[in-house]
Amino acid sequence: MKKLTAMLLALVMMLSLVACGSPASEASKAPESQAPASEPAAPESEAPTEPAVEPITLRIGYMANYASLWGVLSAIEQGCFEEEGITVELTEFGDGPSEIAAMEGGSIDLAYIGKGAHRLCILGNAVIFAPSSVHTVDKVVCMPDSGIQTVEDLAGKTIAYNPGSSSESTFKNALAVAGLTTDDVTAMSLGIDNIVPAAVSGTIDAAIAWNPYSGQILQQVEGSYEIEFADGSTNISSWICLPSYAEENHDILVRFSRALYKGMDWGSQEANYDTVAQYCADRTKTSLESNQLQLGDAHWFNIDDLKSGLADGTIKGYYEGMQNDMLSGGNIEASDVKEDVGDFVLFDVMEEALK
């Protein structure tokens, strides 16, 4: 009985231990719902990307000469427009007024002009958003037997010029330097495409035109030559658009100008002159040599010229001088003169594009 009682007590104690151990054992296990969740993998960092620019196509008017094409072709060939998402479509015109008429008709968006067509900017037909080049020496192409050696010798001669363009403003400047008026000469107003044939036919004594037309006369009329004169006037060339286009497309003008300035900066380097001349020759279907002859026609602006010129007022001064020349030459009336050339020159576009 004693042995049986001892065995029963031992059994009870074992059962008690098991009963006490079970809950402790279960408690030592964390419930599945409380198991620590694994941290989600951090996403790989991505390099910030610049927002893609909206691709655009711009229809551009130009004239078939080095001065008109040097900057825009440099920008095309060096991929500057591609960087801005711009596709350029080029259309040739004979003169600036024709380009402005085409813009008004909706066939082109932007255009290059020489000095003469700046008159229409002063009158409000167009606005300037980028300078291209400047020069202060003008030329008259003289026929072999004309006897013209100075602008004073234009008296009594038959002079061909193209109205409304830089040809006309140069013609009037030449007369002013010589102390002459149109009454002292026989002024022959011709379309630019008719000036070379007039020279070849021998019906004129002199012509006032720009390259490539002046160069064609020199090539086709044996013995023809140029005389130079300077009257202190400013002969600047620019890029323009309609005022309404500028109001609606400020950002596009900045993008175009930014690309254009990069092309100009490259093309204005002497080491690249011959390459740019070849670009122009290919586009105009003229000889490399004829384009190389035009390299000395102007000072070709680079980015430093434009930045410093905007900062110190030089660029503004060019346009003020041009307006004064237009007034003194009778191309505009005193009532047309703008007190602030910023009325027709978009300096804000220039500055933003050069940042």
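Residue indices begin from 1 for each chain and proceed along its sequence in written order. The predicted nature of this model means local features are confined to residues of pLDDT at least 70 and side-chain atom pairs, given and counted, to a pLDDT of 80 or more, with totals for whole chains, interfaces and linings taken over all residues. For the side-chain quantities, the full set of heavy atoms in the structure was used; hydrogens and water were omitted.

## Overview of the overall build of the protein chain
Phase 1: For helices the rule is a DSSP run of H or I covering at least 4 residues; for strands it is a run of E covering at least 2, with both sets numbered from the N terminus onward. Secondary structure summary: the protein chain contains 15 helices and eleven strands in total.
Phase 2: In these tables, accessible area is a Shrake-Rupley quantity obtained with a 1.4 Å probe, and a residue counts as shielded only by the protein chains included in the view. For the protein chain, the accessible surface area stands at approximately 17800 Å², while carbon and sulfur atoms represent 51% of it.

## Some words on the pairing of strand 1 (residues 56-63)
Phase 1: The buried fraction of strand 1 amounts to six of the eight residues, a majority that puts the element mostly inside the structure.
Phase 2: Here, any two strands with at least 2 DSSP bridges between them count as paired. Two strands pair when backbone bridges link them, and strand 1 and strand 3 (residues 110-113) are joined in this way by two bridges, in the parallel orientation. Across the sheet, I60 pairs through a bridge with L110, a residue of strand 3. Categorising residues by exposure relies on relative accessible area from a 1.4 Å probe, with only protein chains included: less than 20% of the type maximum marks a residue as buried, more than 50% marks it as exposed, and the intermediate range marks it as partly exposed.

## Observations concerning the sheet that holds strand 1
Phase 1: Spatially, 2-1-3-10-4-11 is the arrangement adopted by the six strands of the open sheet, whose pairing is mixed. A single partner strand is all that each edge strand has here, and the edge strands are strand 2 (86-93) and strand 11 (299-300).
Phase 2: Sheet topology places strand 4 (residues 127-135) next to strand 11; two bridges connect them, and they run antiparallel. The partner of S133 across the bridge, within strand 11, is W300.

## Some words on a negative patch on the surface
Phase 1: A grouping of D251, D348, E351 and E352 is seen on the molecular surface, where their side chains present a negatively charged patch.
Phase 2: In terms of residue count, the dominant contributor to the negative patch is helix 15 (residues 347-353) (three residues).
Phase 3: Summarising the element assignment, E352 is placed in helix 15. Patch building starts from residues that exceed 30% relative accessible area and form no salt bridge, then joins like charges within 9 Å and nonpolar side chains (Val, Leu, Ile, Met, Phe, Trp, Tyr) within 5 Å. Salt bridges, as used here, are contacts in which a Lys or Arg side-chain nitrogen is within 4 Å of a carboxyl oxygen on Asp or Glu. Counting rule for charge: Lys and Arg are taken as positive, Asp and Glu as negative, and neither His nor the chain ends is counted. Each charge is placed at NZ for Lys, CZ for Arg, CG for Asp and CD for Glu.

## Digging into the confidence of the model for the protein chain
Phase 1: Here the protein chain averages 87 in pLDDT, and 85% of its residues register 70 or above.
Phase 2: Throughout residues 1-45 the model reports pLDDT below 50, and contacts reaching past four residues in sequence, or to other chains, amount to zero contacts. Values of pLDDT, which run from 0 to 100, indicate the predictor's confidence residue by residue. Residue contacts follow a heavy-atom distance rule, with two residues in contact if any of their heavy atoms lie within 4.5 Å.

## A few points about the sheet that holds strand 7 (residues 186-189)
Strands belonging to one sheet form pairs held by backbone hydrogen bonds; the direction of such a pair is parallel or antiparallel.
Phase 1: Pairing in this open sheet of five strands is mixed, and the strands run 7-6-8-5-9 from one edge to the other. Strands at the two margins of the open sheet, each flanked by one partner only, are strand 7 and strand 9 (225-229). Looking at each pair of strands side by side, their axes are set apart by 30° on average, direction ignored. Each axis is a line fitted through C-alpha atoms, taken for helices only over the stretch in contact, and angles between the N-to-C directions span 0 to 180 degrees.

## Details of the nonpolar core
Across soluble globular proteins, nonpolar side chains have a tendency to be buried as a group.
Phase 1: Judged by nonpolar contacts, the single largest core of 92 residues is most densely connected at F129 and F256.
Phase 2: For this core, the element with the highest residue contribution is helix 10 (residues 250-267), accounting for eight residues.
Phase 3: In this view, F256 contacts L58, I60, F81, I86, L110, F129 and W239; residues no more than four positions away in its chain are not counted.
Phase 4: By nonpolar core is meant a set of buried Ala, Val, Leu, Ile, Met, Phe, Trp, Tyr and Cys residues that side-chain atoms within 4.5 Å join together. Counting residues in each nonpolar core, the second largest holds 17 residues, with V140, I159, V185 and A206 among its members.

## Considering the environment of G321
Phase 1: Structurally, the position occupied by G321 is in helix 14 (residues 314-328).
Phase 2: A C-alpha to C-alpha distance of 5.9 Å links G321 and T234, two positions 87 residues apart in sequence.

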